[in-house]
Amino acid sequence: ARWTRRDYAGLARAGFMRNPVAHRAVRMIAEAAAAMPWMAYEDGRDLDRHPLLDLLARPNGGQAGQAFMEALYGHLLISGNAYAQLIGSGDAARELHLLRPDRVSVVTDASGWPVALAVQEKERRRQVALAAPTNGEAAQDCALHLKLFHPLDEHYGFPPLDAALMALDTHNAAGRWNKALLDNSARPSGALVYAPKEGGNLTDEQYERLKSELEDGYSGATRAGRPLLLEGGLDWKAMSLSPKDMDFFEARNGAARDIALALGVPPMLLGIPGDNTYANYQEANRAFYRLTVLPLVSRTARELSAWLAPLYGDAVRLWFDADQVEGLTGERDALWARVGAAGFLTDDEKREAVGYGAHGGIDRKYRPDQTRVPAGNPDGGQWTDEDGRVVPVQNRPRGPRGGGVRRVGSGWRDLTPEQETRLEISHSQMQAAVQRVQQLDARWKPTPGLYETVEGEIAANEAARAEAEDRLYELQTQKIGPGPYGLESQPVRPGVRRPNRSEIEENNRIGRKFGCHHCGTTDPGTRSGNFIFDHEDPTALSGGRPQRAYPHCLSCSLAQGGYVKHLLEGF
């Protein structure tokens, strides 16, 4: 067996350049992370313009900011290391350039600490100092080394593809096996047996002629299916080995899942069959950003900020704007809706809870529709409550930690602005997941949690959300809700249970294209040959909500009917 070399060139060729799963996964992460907009802060203020932002927007004459960051993340994912060099001096024009990982080695001092990078460029070898530039001093020969965690090496990072190297080679070998099978008439090999009645063996001349005729006339994809003309005494014996015997396709899909897992991409996003970890594509995309893209961008932002901040004063801080990420719009909309409906928060507290600064001014505790005491009275002009009592104008104080005050467990707790935001996000995600499950199973409730701290409530919300997602997945395995193959559907006319002819034909078209939306089979299993017109959510559980129709096979439809009956009766 031949295995890929564990270096940058080997992983780049066998992974990114030859394997479609690794190529797509690396590009998805690098492109999503590189598209994240940068923001600069100084003394807590958001800066619209700053030289650091200008440098990252156009790092050098040959690359825009997004292309530069995409290459940097690509180096990190394939090599585990990324090297950036700052060129320029003093107040002169500065440029950022990337160094290819396979041309760079770390130079250490007598104590073993890294002090420079040795860069090999053809016949020339040069060194670049590993240091942060300071304002007004020479900034050339200054480099940054970003690396992923390596448990056995303190100087170099560990590439994610290396952890999936066996899966990578297995997947590539499966592709070569398919190609060889296609070249061999798209069927397993066999044997020609020479057994004449009078006995004997082929002469050398007969053997060479027969071998030449087989290679020239019957091998290759263009010659597949040709009848084999045999002379007297020759008999063809086909080999019984088949891809099913080797569990070939499942092994190939398993290798693809391992590659996606090592890189942190949900297999559903790559179109790998047999993986229903997430309830739907939107949840998988949100998990991709939360668990893979945002942690990668945040660590890069901290490294670049610590390295480049001395050029412009230590007070400047680099960060990213997650509000502009399309994959997180659902979380942001839910947060804004919840914060907007929180009447116990002031406008400034609401702005800070969603990441914006306070607009200043006095926050008065009254509603615009409240009435005032008529003029001429002792309290004339002041606002009144629901019963007509005077409500004095007052400022709403913030908690000592800079955030609001909230009742958690048995007492009131002071929150930081960051805790306020996380708490609102966790609660909105939990509530959305629970509501979705209860639409299908009205009796279901998450396990109650006990907590006395803010972090405890956040953890309880996350646990309840996870429990709801597990229950939703369980319902989907029982054919409740749109299945993993439900990539296309059609709306159901309100109040109409039986489809017309055109709806049946459209349902069959979708079924022939994508299969049953729960199991993926293209055989409906019905006498008529039509796919069953499946209402989702099931009519008995929809509660009058709008429904969509998906193609269903007979087996899945019967299983769904039985489970819906159990849900309605309770068990």
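Source: prediction; values computed, not measured.

A. Layout of the pairing of strand β6 (residues 114-121). Where strand β5 (residues 104-108) and β6 come together, 5 bridges link them in antiparallel fashion. In the sheet register, valine 106 faces β6, and the bridge partner there is leucine 117. With antiparallel pairing between neighbouring strands as the criterion, β5 and β6 make up a hairpin whose turn holds 5 residues, including glycine 112 at a positive phi of roughly 90 degrees. Across 6 bridges, β6 lies against strand β7 (residues 124-130) in antiparallel orientation. Note on β7: the bridge partner recorded for valine 119 is arginine 126. From the end of β6 to the start of β7, which pair antiparallel, there are 2 residues, and lysine 122 there has a positive phi angle of about 55 degrees.

B. Representation of the nonpolar core. Grouped together as the largest cluster of nonpolar side chains are 72 residues, with contacts concentrated most on Trp38, Leu72, Tyr73, Ile259, Phe288 and Trp307. Residue contributions to this core peak at 14 residues, all from helix α9 (residues 281-312). Apart from residues lying up to four places away in sequence, leucine 72 is in contact with Ala82, Leu98, Leu146 and Thr300. Residues Ala433, Leu440, Leu475 and Tyr563 belong to the second largest nonpolar core, which totals 14 residues.

C. Quick look at the packing of aromatic side chains. For the structure shown, the criterion picks out 2 aromatic pairs. Geometrically, the ring pair formed by phenylalanine 288 and tyrosine 289 is edge-to-face, given 5.6 Å between the ring centres and 70 degrees between the ring planes.

D. Seen up close, the state of the cysteines. Scanning the model with the defined rule gives 0 disulfides in all. With no disulfide of its own, cysteine 553 lies closest to cysteine 556 among cysteine sulfurs, the gap being 3.5 Å.

E. Local environment of helix α14 (residues 501-514). Its 14 residues give α14 an end-to-end C-alpha distance of 20 Å, which sits within 8% of 20 Å, the value for a rise of 1.5 Å per residue. Turning to α14, its buried residues are Glu503, Asn507, Asn508, Ile510 and Gly511. Looking straight down α14, one finds its buried side chains confined to an arc of 165 degrees; they lie on one side. What points out from α14, more than 90 degrees from its buried face, is the exposed set Arg501, Arg512 and Lys513. Where α14 is buried, its residues contact β16 (490-491), β17 (532-536) and β18 (548-552). The first or second residue beyond α14 is glycine 515, which carries a positive phi of 85 degrees.

F. Structural context of the pattern of salt bridges. Under the counting rule described, the total for this entry stands at 13 salt bridges. For arginine 49, the salt bridge goes to aspartate 54, with nearest N and O atoms at 3.9 Å. Relative accessible area serves as the criterion here: at 65%, arginine 49 is assigned to the exposed category. Of the charged contacts in the structure, one is a salt bridge between arginine 493 and glutamate 503, with a shortest N-O distance of 2.9 Å.

G. Local environment of the side chain of serine 426. One can find serine 426 in helix α12 (residues 417-440). At 3.1 Å, the side chain of serine 426 forms a polar contact with the side chain of asparagine 461. When neighbours within four sequence positions are excluded, serine 426 is seen to be in contact with Ile458, Asn461 and Glu462.

H. Seen up close, the sheet that holds strand β2 (residues 45-47). Within the open sheet, the 3 strands sit side by side as β2-β1-β11. Their pairing is antiparallel. What marks the edges here is a single partner per strand, and that holds for β2 and β11 (316-320). Neighbour-to-neighbour, the strand axes of the sheet open up by a mean angle of 40 degrees, direction not taken into account. In this structure, strand β1 (residues 38-42) lies alongside β2, joined through 3 bridges in antiparallel fashion. What sits directly across from alanine 40, in β2, is leucine 47. Each of β1 and β11 is contacted by α9, which is oriented at about 160 degrees to β11, the strand it contacts most.

I. Seen up close, the sheet that holds β18. Taken in spatial order, the 3 strands line up as β16-β18-β17 in an open sheet, and their pairing is antiparallel. Since the sheet does not close on itself, it has two edges, and those belong to β16 and β17, each with one partner. The sheet contact formed by β16 and β18 spans 2 bridges and is antiparallel. From the neighbouring strand, proline 491 faces β18, where its bridge partner is arginine 548. Across the sheet, α14 lies against β16, β17 and β18, angled at about 55 degrees from β18, the strand it touches most.

J. Expanded view of the packing of helix α10 (residues 329-340) against α12. At a minimum axis distance of 9 Å, the contact between α10 and α12 shows a crossing angle of 105 degrees. The orientation of α10 with respect to α12, classified from their angle, is roughly perpendicular. Residues Glu331, Ala334, Leu335, Arg338 and Val339 of α10 form the contact with α12, whose own contacting residues are Thr421, Glu424, Ile425, His427, Ser428, Gln429 and Gln431.

Rules behind the numbers
Residues numbered from 1 in each chain as written. Predicted model: local features only at pLDDT ≥ 70, side-chain atom pairs only at ≥ 80, totals over all residues. Heavy atoms only, no water. Pairing = 2+ DSSP bridges. Helix = DSSP H or I, 4+ residues; strand = E, 2+ residues; numbered from the N terminus. Core = buried A, V, L, I, M, F, W, Y, C linked by side-chain atoms within 4.5 Å. Buried < 20%, exposed > 50% of the residue type's maximum accessible area, 1.4 Å probe, protein only. Contact = heavy atoms within 4.5 Å. Phe/Tyr/Trp six-rings, centres within 6.5 Å; stacked < 30°, edge-to-face > 60°. Disulfide = S-S within 2.5 Å. Expected span 1.5 Å × (residues − 1). Arc of directions from axis to C-beta. Salt bridge = Lys/Arg side-chain N within 4 Å of Asp/Glu carboxyl O. Polar contact = N/O pair within 3.5 Å; in protein donor to acceptor, adjacent residues only side chain to side chain. Axes fitted to C-alpha atoms, helices over the stretch in contact; angles between N-to-C directions. Parallel < 35°, antiparallel > 145°, perpendicular 65-115°, else oblique.

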